[in-house]
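Residues per chain are reported as follows:
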Amino acid sequence: MPMQQVRPKKALGQHFLTDLNIAHDIADTISAYRGTAVLEVGPGMGVLTQFLIEAGHNLKVVEIDNESIEYLNRYFPQLQGKIIADDFLRLNLDDIADGPMCIIGNYPYNISSQIFFHILDFKDKVVCCSGMLQKEVAERIAAKPGSKTYGILSVLLQAWYDIEYLFTVHEHVFNPPPKVKSGVIRLVRNSATSLGCDERLFKTVVKTSFGMRRKTLRNSVRGLINGTPDILENPIFNKRPEQLSVEQFVELTNMIASCNKQ
């Protein structure tokens, strides 16, 4: 019996990977986490799923596309009771597994940044996250200070995760081929239990700084500081946001917080 095919849906950002070697390599990025609960985001027709099952992972999948869900139910009996028919961005990950978990997927390009912001909300649960996304976004997440691609996602994720850009995937191994190359990255939770600053203010400082990335910090974050204080004379305010490491953003956050307490 020929296997039915799922039609890729543009609205869901679906580009189905067709190269089994690449799917195997992506599954292999979490080989160190065999005892950990794994959630695959957007399995589609299961090209990555089959290798995760083969590797013996404790696997659940989350899929929003009804046609894909029907396909997975039909061809992957091993997933019975393990398919979550929902939008990943609305999932409470604490409900998915009791202990720590890994997230993996060939992530839909149109929501890949939102997926990583959602993972950040559960940073104390998600010990590893890997997978494929648009190359430009993958590079941004892994970018180091001083690079043009270093931005909000880089700082917020690197505060809590060690990040590696693993390899690039070309357009021709997808159906339909995307207009861009893809990149595979892995995030592994670091040892930080706190940033040593007000985390809500830290997020605001990072987002405000990069909201005006061409300006110096003196101009971009002035609105977060009460009055016109002396701290603006500190040399850090001569820098642009992409020049600051995570630690320097923490330092900047603490300066602004102590100034606003006065």
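Keep in mind that this is a model prediction, so the values were computed, not measured. All residue numbers refer to position in the chain's written sequence, counted from 1. This being a predicted model, a pLDDT of at least 70 is required before a residue's local features are given, and a value of 80 or more before pairs of side-chain atoms are given or counted; all residues contribute to the totals for chains, interfaces and linings. Each side-chain value is worked out from all heavy atoms of the structure, with water and hydrogens disregarded.

S.K.: When you look at the overall build of the protein in this model, what are you seeing that I'm missing?
M.R.: Helix and strand content of the protein: nine helices and nine strands. Seen through its C-alpha atoms, the protein measures out along the principal axes to roughly 75 × 40 × 30 Å. Burial classes: relative accessible area under 20% of the type maximum marks a residue as buried, over 50% as exposed, and values in between as partly exposed (1.4 Å probe, protein chains only). For the protein, the proportion of its 262 residues judged to be buried stands at 51%. Here a residue-residue contact requires only that any non-hydrogen atoms of the pair lie within 4.5 Å. Relative to all contacts within the protein whose residues are 6 or more apart in sequence, the contacts with residues 24 or more apart total 67%. Split by element, the accessible area of the protein, about 12700 Å² in all, is 48% carbon and sulfur. We score Asp and Glu as negative and Lys and Arg as positive, and we do not count His or the chain ends. Taken as the charge location is NZ of Lys, CZ of Arg, CG of Asp or CD of Glu. In the protein, 29 side chains carry a positive charge and 28 a negative one; their mean positions are 6 Å apart. In this text, helices come from DSSP runs of H or I with a minimum length of four residues, and strands from runs of E with a minimum of two, each type numbered from the N-terminal end. Exposure was quantified through the Shrake-Rupley algorithm and a 1.4 Å probe, taking into account, for residues, occlusion by the shown protein chains and nothing else.

S.K.: How should I be thinking about the side chain of Thr-216 in this particular structure?
M.R.: Inspection of the secondary structure puts Thr-216 in the loop between helix 7 (199–211) and helix 8 (217–220). In this structure Thr-216 touches Phe-237, Asn-238, Lys-239 and Arg-240, once residues within four positions along its chain are discounted.

S.K.: For this particular structure, what's the right way to read the pairing of strand 6 (residues 126–134)?
M.R.: Put simply, side chains in a regular strand alternate between the two faces of the sheet. Of all nine residues in strand 6, eight are buried, a share of seventy percent or more. For two strands to count as paired, DSSP must find a minimum of two bridges between them. Note: strand 5 (residues 101–106) against strand 6, six bridges, orientation parallel. Residue pairing for strand 6: Ile-103 is matched across the bridge by Cys-129. Every crossover in which the path from the first strand over the helix to the second runs clockwise, viewed with the strands pointing away from the viewer, is termed right-handed. Once you follow strand 5 into helix 4 (residues 112–120) and on to strand 6, the crossover reads as right-handed.

S.K.: Even after reading the chapter, I still don't get helix 9 (residues 246–261), so can you show me in this structure?
M.R.: One full turn of an α-helix is made of 3.6 residues, so residues set three or four places apart face in the same direction. An ideal rise of 1.5 Å per residue puts 22 Å on 16 residues; helix 9 measures up with 23 Å between its terminal C-alpha atoms. Every buried residue belonging to helix 9 is among Val-246, Phe-249, Val-250, Leu-252, Thr-253, Met-255, Ile-256, Ala-257 and Cys-259, and all of these are buried. Multiplying one less than the number of residues by 1.5 Å gives the expected span of a helix.

S.K.: Help me out: how do you make sense of the sheet that holds strand 5 in this one?
M.R.: By definition, the strands of a sheet pair up through backbone hydrogen bonds, in either a parallel or an antiparallel sense. An order of 4-3-2-5-6-9-7 is seen for the seven strands of this open sheet, with the pairing classed as mixed. Single-partner strands in this sheet number two, and they are strand 4 (83–85) and strand 7 (161–169). The average undirected angle you get between the axes of adjacent strands in this sheet is 20 degrees. Relative to strand 9 (residues 182–189), strand 7 runs antiparallel, the two sharing eight bridges. Bridging from a neighbouring strand, Asp-162 pairs with Val-188 of strand 9. Axis lines are fitted through C-alpha atoms, for helices just across the contact stretch, and the angle between N-to-C directions can take any value from 0 to 180 degrees. In this fold helix 1 (residues 20–28) packs onto strand 5, strand 6, strand 7 and strand 9, with an angle of close to 170 degrees to the strand it touches most, strand 7. Relative to strand 6, helix 5 (residues 135–142) is tilted by about 140 degrees, and along the sheet it contacts strand 6, strand 7 and strand 9.

S.K.: How do you make sense of the nonpolar core when you look at a structure like this?
M.R.: Note that soluble globular proteins tend to have their nonpolar side chains buried in a common cluster. One finds Leu-39, Phe-88, Leu-93, Ile-103, Phe-116 and Phe-202 to be the most contacted residues of the largest nonpolar core, which totals 59 residues. Here this core gets eight residues from one element, more than from any other, and that element is helix 9. Excluding its chain neighbours within four sequence positions, the residues that come into contact with Ile-103 are Leu-39, Val-41, Phe-88, Leu-93, Ile-119, Val-126, Cys-128, Cys-129 and Ser-130. Only buried residues count toward a nonpolar core, which is a set of Ala, Val, Leu, Ile, Met, Phe, Trp, Tyr and Cys residues joined through side-chain atoms within 4.5 Å. Membership of the second largest hydrophobic core comes to 33 residues, among which are Phe-16, Ile-30, Val-47 and Leu-48.

S.K.: Where do I start with the environment of Gly-99 in this structure?
M.R.: Of note, Gly-99 is situated in the loop between strand 4 and strand 5. For Gly-99 and Thr-36, which are 63 residues apart along the polypeptide, the C-alpha to C-alpha distance reads 8.0 Å.

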